[in-house]
Amino acid sequence: MLMSESKPGIGGELLSWQKLEPKYTVFPQEMGSEAPSWVAFDKQVLSFDAYVEDEVPDKRQENYRIRRYKILFYLEDDTIQVNEPEVKNSGLLQGTFIHRHRIPLPPPDENEFYTACHFNINIDVVFYGRTFRIYDCDAFTKNFLKKMGVKLSPPGQCPEDPYLKIWRKNLDNIMDVYPHESSNTLKQFLEYDRKVLRFFCLWDDSTSLFGDRRELVLRYFLSDDTIEVRELLPHNSGRSGMPFFLRRRKLPKYGPPGVYQPGKVADQAVLNVYGGRLTVSQLRGYLLDKCKLGKLEQEFYKDSDLSLGTTINVWGRKVLLCDCDEFTKTYYKNKYGIENFTSISCKAPPPPKIERKFPPYTGFGSEEDSLCSCISLLPKCPRQNNIRKFLEKDSYGDESNILRFLAKLITSQYASLDRLFIISYFLSDDTISVFEPTDKNSVSGLQKFLKRMRVKKHGQKVFKSEPSEYIKVQDLYIGAQVIVNGYMFLLLSADEYTLQFMEKNADEFPLSKLELVLEKLKEKPLNSRDIMLVFRAADPGDTKKMDYNTFRDIVMTIAAGKLIEQEFVTIARHYRVPDDPCLDMNVLIAMAHEQLKKNNFESFERLIYRCVYQDREKKNVLPSKDIRRLCKSCRLPLIDDLLGSLLSMFEDSEEQINYESFFCALNWRINPVPELVETSPLKERYDDVSVGMPSLIPLKYIDYLKFFNDVYGIEEQ
C-alpha cells in the first residue's frame, strides 16, 4: 500500500502532491494480489494541463479561441474528470466540463477505456470527439508515469488567446470616465465586518432641570469606525421608545462643530475642467483635488479613544463608559494589551425609602376593613389573603383539615375548674372556634363558647398602626397554654386526625418528629442498666408492655424537664401496642346492629339464600367483592365505610368470607350484642364520646423494650 507522511489528495493545484516523495510510491505491478486497486490508489489523482483550440466563425475580432482545461485521472477506478478554470469577465460557462466517469477510446476502439498508459505530454487525447492537447502535468504525475516506465516528452507551452492579447493592449489605453482615488478601506471592511464593540454608558443629566440619569449602549463598528448609541429605557419610565439616541455615523471629538453648506464637508473634492471657447479642442472632464484645498479637518473617535472610565463627547453630552462585553474585552486585550477592565456601576443610588404610616386602628370593624379606607379613596372590601391556601386546605372528602384539641380552662373560680372545651383550628383560613361539651340531655351536645374567627395573640396594643399578629397552627400543641380573648386554656390532648396530620407534616410541627424527640433523650448520657431495672420493676409480670401513665412517669423523670407533653405523645404513639381487634369487631357489630334496628331490616335469610345460589362449589365461602355486591343489591342499610370494615374483619387469607357466619353476626334478632354506652365527659375522661372530643389518654399500653433499644441501643438479653 501507499505510505506517505503527507495527506494524499488531488495533484496539481487541488492539493500539494509535491510533498509526496517518490520513494514512498508503490507501483501496480509490485502490489500483486495483496490489495485491490481502489485501496492502494485511494485519493491518488494524475493531473494534466491541456488546451483546446475552438473555431469562432462569423466574428471579426477573433478566428479561434484558446480554452485551457485541467484533466484529472483517478487511479482508483480509471475515471476521468475535465475542469475548465474560470476566467474573470470571460462571458463563457466554465467549471466542470466533463463529469467524472470512465471515458471510452475514440473509434474504432470504443469498446475500451482510457487508462494511465494512454496519457503523456505533448500528445492529443480525444474525449467524445473533442481533441485536447496535453502540454504539461504536475510533479506527482511525472513521478508516477516514470515509475510505470512511461517515457515522458518534454513539456510544451499553451498558445496565447489572440482576443485576450488584443484586450490587454486596449485595456492600458482605457481611462476612467469619472475621477477615481484609491482607498484602502476595503481591507478594513473585510477584516472587521460584523465585529462590533459594545460599551454600557451613563449620561448623568441630573444637574439640569427635570434631568436624570440615562443608561445608554454604545456600539462601535470596527468595519468603518462609526458609532451608534441606543438608550435603555426602564419599565414605566414615561418616555417614548425612540429607536436611536444617536444614529450610526462617525462621531467627532469636538462637537457640535457647527453647520456647513452642502458639499463643504466631503471625503473628496472634485474639480470641473473646462477648456474655454477659444481653445481648439474644448476639454471637458473632472479632476480630483489632490491638494485638498479648503478641506475641513475633523477628528473623529477611534477605538483607541474608548476605554472604561473615559468620558466622551456625544454632541455636547458627557457620556461615561462604565462597562463592556466579553468580545470588547478580548479585542482590547489582544490589540492594545489592556488587562484592567474594572467596571463602574451605572445604577443610581437607591432613593431613601419613605415609610408609609397608617393612622391607628379606631376599633370599629376589623383591622383589614379599616386599613382599606386608608389605602384608597374609595374603600373596597378586603380580599382573602391567600386564596390558594383556602382552596387547598378546605374540607373535601375524608380530609377535614380541622385540628381539634381538648383544652381545660385555667381559672381561679371554683365553679369553672373542671370545665373542658374543644378548640378547633381551621387550616383553610387560620380561624378558631371553641365549644364546650354539655351533658347528654342537651339538644346538640355542644355549647358555643367562641364563634369561628381569627384570634389575636395576647399582649398586643389595640389601637396601633401595625397589623396585629394572630394565633397560628404552630402555637397549638399538647401542653401549650393559649390565651383566647382573655381566657387561658391548657391543651390536654388532640384527636387522632390532628396527631396524624402533625406527624405527616413533621417539618412544620417539629414537636411531632420522632427523630428530634429521641435526640433530646440521647443528649444526657445515663446508666442504661439502671434505667432498664426501673422499667423491669414497673413490669413485674414480664408482659414486655407498660400502661400509658406508668410509662409517662418514668420517661418524664428520665428527661428531667426536657420533654413537653406533645413530644411524649409522639413517643407513645410510635411505640404503642396495638389494641385487641376483637374489641373493635364488637364495636363495629354493635354500630351495625344500631343502624339495622333503626331501618327495621330483617331480610338476612334472603341474603343467605342468594349466597347459597352463587356458591356453585358448595364451599360456604364467597369472595368479599361478591358479598359486597349482594349487600348493595339488597339495599343493606349500612354505610360504605362500616360495611367495608366488617368485611375486612371476616376475610381470610384468600379474601374469602363465610357468608353464614357473617350474616348471622349481623342478625340483631338472633345474636344481639350489648349496646354502646356513651359516658359523660365530665365523669369519664378516658374514652372518646359521640361529640368528637379527644380523650386525655389516647393509648393504653406501650412497648418499652423497643423504646429502650432505639434510645440506648441495647437489647434485653
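In this text, all values refer to a predicted model and were calculated from it rather than measured experimentally.

1. A closer look at the nonpolar core
- Counting residues in each nonpolar core, the largest one holds 56 residues, and the members touching the most others are Phe535, Phe551, Ile571 and Phe707.
- Counting residues in hydrophobic clusters, the runner-up holds 29 residues, among them Val52, Ile71, Ile103 and Leu152.

2. Points about the sheet that holds strand 8 (residues 213–221)
- Read across the open sheet, the 6 strands follow the order 10-9-8-7-14-13; overall the sheet is antiparallel. Lying at the two open borders of the sheet, with one neighbouring strand each, are strand 10 (246–249) and strand 13 (311–314). Within the sheet, the average angular offset between the axes of one strand and its neighbour, ignoring direction, is 35°.
- As judged from the 4 bridges shared by strand 13 and strand 14 (residues 317–324), these two strands associate in the antiparallel manner.

3. Let's talk about the sheet that holds strand 17 (residues 431–437)
- The strand order across the open sheet formed by 6 strands is 18-17-16-15-20-19, and the pairing between neighbours is antiparallel. Only two strands of the sheet have a single neighbouring strand rather than two, namely strand 18 (446–453) and strand 19 (481–484). Each strand axis lies, on average, 35° off the axis of its neighbour in the sheet, ignoring direction.
- Taken strand by strand, helix 9 (residues 496–504) contacts strand 15 (402–410) and strand 20 (487–494), and its axis lies near 115° from that of strand 15.

4. Some words on unusual backbone geometry
- Note the cis peptide between Pro107 and Pro108, where omega equals 10°.
- Secondary-structure assignment places Pro108 in the loop between strand 4 (95–101) and strand 5 (123–127).
- Even without being glycine, Asp430 reaches a positive phi, approximately 60°.
- Assignment of secondary structure puts Asp430 in the loop between strand 16 (420–426) and strand 17.

5. Details of the environment of Ala559
- Looking at the secondary structure, you find Ala559 in helix 12 (residues 548–559).
- Residue classification places Ala559 among the buried positions, given a relative accessible area of 3%.
- Along the primary structure Ala559 and Lys522 are separated by 37 residues, whereas in three dimensions their C-alpha atoms are 9.5 Å apart.

Cut-offs used in this document
- Residues numbered from 1 in each chain as written.
- Predicted model: local features only at pLDDT ≥ 70, side-chain atom pairs only at ≥ 80, totals over all residues.
- Heavy atoms only, no water.
- Core = buried A, V, L, I, M, F, W, Y, C linked by side-chain atoms within 4.5 Å.
- Buried < 20%, exposed > 50% of the residue type's maximum accessible area, 1.4 Å probe, protein only.
- Pairing = 2+ DSSP bridges.
- Helix = DSSP H or I, 4+ residues; strand = E, 2+ residues; numbered from the N terminus.
- Axes fitted to C-alpha atoms, helices over the stretch in contact; angles between N-to-C directions.
- Contact = heavy atoms within 4.5 Å.

By themselves, these figures tell us nothing about what the structure is for.
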